[in-house]
Amino acid sequence: MHGVGGSNPLAPTNEKKGVTLSLPFFVKPFRVHTRRGNMKEQIQTLLEQAIAILKEQGLLPADTAPAIQVDRTKDKTHGDLATNLALVGAKAARKNPRQLATEIIDHLPASPLVLKVEIAGPGFINFYLNPDWLAGQVENALADPRLAIPLVAHPQSVVVDYSSPNLAKEMHVGHLRSTIIGDAVSRTLEFLGHKVIRHNHVGDWGTQFGMLLAHMEEKRRDGVEISMQLADLESFYREAKGRFDASIEFADRARQLVVELQSGDAYCNQLWREFLEISLTHCQQIYDRLNVALTRKDVIGESAYNDDLPKVIEDLTTAGLLTENQGARCVFLDEFKGKDDELLPMIVQKKDGGYLYATTDLAAIRFRLRTLHADRVLYFVDHRQSLHFQQLFAVARKAGFAGADTRLEHMAFGTVMGDDGKPFKTRSGGVAKLAELLDEAEARAYALVREKNPEMADDELRNIGRVVGIASVKYADLSKHRTSDYVFSFDQMLSFEGNTAPYLLYAYTRVASIFRRGDIREDQLRGKVILEEEIEKDLAGKLVQFGEVVHRVAEKGWPHLLCGYLYELSGVFSSFYQSCPVLICENDEIRQSRLKLSLLTARTLQQGLSLLGIETLERM
RNA sequence: GCGCGAUUAGCUCAGCUGGAUAGAGCGCUGCCCUCCGGAGGCAGAGGUCACAAGUUCGAAUCUUGUAUCGCGCGCCA
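What counts, and where the lines are drawn
- Residues numbered from 1 in each chain as written.
- Chains lettered and ligands numbered in written order.
- Predicted model: local features only at pLDDT ≥ 70, side-chain atom pairs only at ≥ 80, totals over all residues.
- Heavy atoms only, no water.
- Helix = DSSP H or I, 4+ residues; strand = E, 2+ residues; numbered from the N terminus.
- Buried < 20%, exposed > 50% of the residue type's maximum accessible area, 1.4 Å probe, protein only.
- Areas by Shrake-Rupley, 256 points an atom, 1.4 Å probe, with all protein chains shown as cover.
- Lys, Arg positive; Asp, Glu negative; His and termini not counted.
- Charge placed at Lys NZ, Arg CZ, Asp CG, Glu CD.
- Near = heavy atom within 4 Å.
- Polar contact = N/O pair within 3.5 Å; in protein donor to acceptor, adjacent residues only side chain to side chain.
- Nonpolar A, V, L, I, M, F, W, Y, C, P; charged D, E, K, R; others polar.
- Pairing = 2+ DSSP bridges.
- Right-handed = clockwise from strand over helix to strand, strands pointing away.
- Axes fitted to C-alpha atoms, helices over the stretch in contact; angles between N-to-C directions.
- Phe/Tyr/Trp six-rings, centres within 6.5 Å; stacked < 30°, edge-to-face > 60°.
- Lys NZ or Arg CZ within 6 Å of the ring centre and 35° of its normal.
- Parallel < 35°, antiparallel > 145°, perpendicular 65-115°, else oblique.
- Left-handed = near helix turned anticlockwise from the far one by under 90°.
- Contact = heavy atoms within 4.5 Å.
- Patch = residues over 30% accessible without salt bridge, like charges linked within 9 Å, V, L, I, M, F, W, Y side chains within 5 Å.
- Salt bridge = Lys/Arg side-chain N within 4 Å of Asp/Glu carboxyl O.
- pLDDT = per-residue confidence, 0-100.
- Core = buried A, V, L, I, M, F, W, Y, C linked by side-chain atoms within 4.5 Å.
- Arc of directions from axis to C-beta.

1. Some points on the overall build of chain A
- Helices and strands together make up the secondary structure of chain A, namely 22 helices and 13 strands.
- Across its three principal directions, the C-alpha atoms of chain A cover 85 × 70 × 40 Å.
- Expressed as a percentage of its 620 residues, the buried residues of chain A come to 53%.
- Summed over all atoms, the accessible surface of chain A reaches about 28,000 Å², with 51% contributed by carbon and sulfur.
- Here chain A holds 75 positive side-chain charges and 83 negative ones, and the gap between their average locations is 2 Å.

2. Let's talk about the protein's contact with RNA strand B
- Around RNA strand B, a shell composed of 63 residues is seen, among which Asn-84, Lys-91, Lys-350, Tyr-357 and Tyr-577 lie nearest.
- Restricting the count to atoms of RNA strand B within 4 Å of the protein gives a sugar and phosphate share of 53%.
- One nitrogen or oxygen atom from the side chain of Glu-497 is found 3.0 Å from a phosphate oxygen belonging to RNA strand B.
- At the level of secondary structure, the elements contributing two or more residues to the surface near RNA strand B comprise α3 (85–93), β4 (124–129), β9 (343–349), α14 (386–398), β13 (486–487), α18 (501–518) and α21 (559–579).
- Residues that form the surface near RNA strand B fall into these classes: 26 nonpolar, 19 polar and 18 charged.

3. So, the pairing of strand β5 (residues 157–161)
- In terms of burial, β5 is a largely internal element, five of the five residues being buried.
- Burial of β5 is two-sided: the residues Ser-157, Val-159 and Asp-161 facing one way and the residues Val-158 and Val-160 facing the other way are all buried.
- As defined by bridge partners, β5 adjoins strand β6 (residues 195–199) across five bridges and the pair is classed as parallel. By the bridge assignment for β6, Val-159 is matched with Ile-197.
- Handedness of the crossover joining β5 and β6 through helix α6 (residues 176–191): right-handed.
- As defined by bridge partners, β5 adjoins strand β10 (residues 376–379) across four bridges and the pair is classed as parallel.

4. Overview of unusual backbone geometry
- A positive phi angle, near 75°, is found at Ser-163, a position not held by glycine.
- Within the element layout of this structure, Ser-163 appears in the loop between β5 and α6.
- You will see that Asn-291, though not glycine, has its phi angle at about 55°, which is positive.
- Its relative accessible area of 30% is what places Asn-291 among the partly exposed residues.

5. Comments concerning the sheet that holds β9
- As summarised here, the arrangement of the three strands in space is β7-β8-β9, forming an open sheet in which the pairing is antiparallel. Both edges of this open sheet fall to β7 (322–325) and β9, since each of them pairs with a single strand only. On average, each strand axis in the sheet is tilted by 50° relative to the strand beside it, whichever way the strands run.
- Relative to β9, strand β8 (residues 328–337) runs antiparallel, the two being bridged by five bridges. Bridge pairing links Phe-332 to Pro-345 in β9.

6. Side note on the packing of aromatic side chains
- In this structure the tally under the stated criterion is 13 aromatic pairs.
- Taking 5.1 Å as the distance between ring centres and 85° as the angle between the ring planes, the aromatic pair formed by Phe-488 and Phe-490 counts as edge-to-face. When sorted by exposure, Phe-488 lands in the same class as Phe-490, which is buried.
- Ring centres of Phe-546 and Tyr-565 lie 5.7 Å apart, and the angle between their planes is 25°; on these two criteria the pair is classed as stacked. With Phe-546 in helix α20 (residues 546–556) and Tyr-565 in helix α21, the pair connects residues that are 19 residues apart, well separated along the chain. An identical accessibility class is assigned to Phe-546 and Tyr-565; each is buried.
- Pairwise contacts between aromatic rings join Phe-209, Phe-236 and Phe-275 into one cluster.
- One Lys or Arg, Arg-146, reaches over the ring of Phe-191 and ends 4.3 Å from the middle of that ring.

7. Let's talk about the packing of α18 against α21
- With their axes 10 Å apart at the nearest point, α18 and α21 run at an angle of 40° to one another. Viewed along their axes, α18 and α21 adopt a mutual orientation that is oblique. Seen from above, α18 lies across α21 with left-handed handedness. Between α18 and α21, the contacting residues are Tyr-503, Leu-504, Ala-507, Arg-510, Val-511 and Ile-514 on the first element and Leu-566, Tyr-567, Ser-570, Gly-571, Phe-573, Ser-574, Tyr-577 and Gln-578 on the second.

8. Brief notes about the side chain of Ser-157
- In this fold, Ser-157 is placed in strand β5.
- Classification of Ser-157 as buried rests on a relative accessible area of 14%.
- Every residue in contact with Ser-157, bar those within four places of it in the chain, is listed here: Lys-195, His-373, Ala-374, Asp-375 and Arg-376.

9. As for a nonpolar patch on the surface
- Residues Leu-87, Val-88 and Phe-124 make up a contiguous nonpolar surface patch of about 200 Å² in total accessible area.
- Position of Phe-124 relative to the elements: it lies in strand β4.

10. Observations regarding the confidence of the model for chain A
- Confidence in the prediction of chain A, expressed as mean pLDDT, is 90, and 94% of residues score 70 or more.
- Low confidence marks residues 4–36, where pLDDT is under 50. Its contacts with residues over four positions away, or in another chain, come to 69 contacts.
- For this predicted complex, the interface score ipTM comes out at 0.96, alongside a pTM of 0.93.

11. Let's talk about the nonpolar core
- Judged by nonpolar contacts, the single largest core of 153 residues is most densely connected at Ile-104 and Leu-612.
- Ignoring anything within four residues of it in the chain, the contact list for Leu-612 reads Ala-184, Arg-187, Lys-474, Tyr-475, Leu-478, Pro-559, Leu-562, Cys-563 and Leu-566.
- In terms of nonpolar packing, the next biggest core, distinct from the first, is built from 33 residues, Tyr-305, Leu-392, Val-395 and Leu-408 among them.

12. Let's talk about the sheet that holds β10
- Spatial ordering of the open sheet is given by β6-β5-β10-β11, a layout of four strands whose pairing is parallel. Pairing within the sheet leaves two strands with one partner each, and these edge strands are β6 and β11 (407–410). For this sheet the average axis-to-axis angle between neighbouring strands, irrespective of direction, equals 15°.
- Judged from the four bridges that link them, β10 and β11 form a sheet pairing that is parallel. Its bridge partner being in β11, Val-377 is matched across the sheet by Leu-408.

13. Looking at helix α4 (residues 97–106)
- Among the residues of α4, Leu-100, Ala-101, Glu-103 and Ile-104 are the ones counted as buried. Along the axis of α4, the buried residues cluster in a sector spanning 165°; they form a single face.
- Packing partners of the buried residues in α4 comprise α2 (39–56), α3, β3 (114–120) and β4.
- Of the residues that open α4, the one with a side-chain oxygen 3.0 Å from the backbone nitrogen of Arg-98 is Asn-96.

14. Examining the pattern of salt bridges
- Under the counting rule described, the total for this entry stands at 43 salt bridges.
- Residue Asp-538 pairs with Lys-76 through a salt bridge whose shortest N-O separation is 3.2 Å. Of this pair, Asp-538 sits in helix α19 (residues 534–544) while Lys-76 sits in the loop between β1 (70–72) and β2 (81–83), placing them 462 residues apart in sequence.
- Of the residues examined, Lys-76 reaches a relative accessible area of 47% and is grouped as partly exposed.
- The shortest N-O distance in the salt bridge between Lys-116 and Glu-118 comes to 3.3 Å.

Pasting the structure below:
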């Protein structure tokens, strides 16, 4: 377990920036492999070819290598895509930007993507996409269950460490972000063909378990049925804590049990396992409700590394990193300094010989890299632990657990706040249990849906309420930028307006209803996609961007990009639906084409939401 | 004290590798129901992008400094 709470790491960011900056001007390696469907990269290729020709002809100095950047335009009057290439390269070419732009355009190879190219403003080159090409992309996507999003060329093994609750207590609101965001990113990586290894690094070890075991023992001695008691872990924990604080004998027994547990005592282990079993069942119920893909086999808790801890110390010693300080064993690194330039220690072994979470985390990295051979390890842990992860990654590299090409990334996230701007609490001021939070979301969603559909059967209302409630909680979290804090608001997340789950789910049901009402099956669609109306082109253009967004989510660990995209897509579809009749369109060719656009919209929404771990509904 | 992160419309938030006139939703003001789900769409008002320098043809975005807020900093996790 990594505690609860989230901010962003220096380490991974710096590593990446370092790579980019050290490159000369131009050749920017594609982090994601070149794909046929990616418009930007195709335009980039065209530009590269034009530059090459200009160099051959002596119109450009051979050593110029401007970075080729292709952006989507914000304004329709600037075409669909634009490059600032001529602006960037003008100085090196000793030409004015507009002149260079003209030369580039003159040497641009013909391409089916491009309808026309124009110079604009100080020297921007604007590209207008060919509607026929766009239409073809829509057809391709429809013909492919993966929506024409290719798998990555070089799949990686990615360990994703997420959720990681403390098993001593019940899951609460603090576990929401790690669980939900980590799951969405895992699904996205998997969809792109990476090998994802989910690790639920649960807190199942440590001094607090002595207290819990002592309490179990006492209860059992009094003839109380333990499993019933543990149905409410939170109260059980509080009781145990109360006993611990109140009774010296109890506290002594608790400490004794920790020692016995750690030395492998059979009785203690039995108690411990019983406790874990119940706590894990609690967690699994939450995961199932949340549609989070974690299962019991993904649980590799802190205790799993017990045997490795002495080996970590050994390895650190061998690497010459270990220093003894005031009886504790520490690693000091030059790059971590506290006040008065004093080095900041990372303590890996206490003076009493006990190990700490830093040690366990090192052992986990060691295992993930040496045994699992991960190319990338992602930690979805709150931003307050950012220093810990910086130290952890630095030490892991120095100790040789991780090579230079292994990506270790702290996917930090912010705090969930209440209306008052302080960390989210229940009305009574306590920690909000996740289960109760979900209950409330479902209940509120049910009430809303029932209000809109008074005649609907209750079991369907219940199901819709469940899906909408859970989706709302998840989507509210996923749609915010990961690193910032956000305010938890049932009213906002359950609203049908704005960037919310209900809005997206509604957009999906509208498409579903077209097909239901028209009694049309997907395989009955025929004819070609025809893009005539401006809004049809907009919709097609938006649909074609899906793959790009998905790749970016996997790269940055930012599901909010996908949320933003799906929201925009829904918006464009709503406009389209408003102004372009589909079922009632009299021209059959156009009708078929619009049905295809609608179908791809639905598929894209469904696939996108599925990557976020959110179910769709046919009716709501 | 040092480090990390933040500061964008009244509120909640986007803003991708520096690009063209700063983007949504809520709220506010209008408009669109003989029309496939109005749980919708269209339009308007509203911003000195905390402040100040700097780099650049060009800065909300990069650099430095300042202010304010949050978080973290030796044997908890």
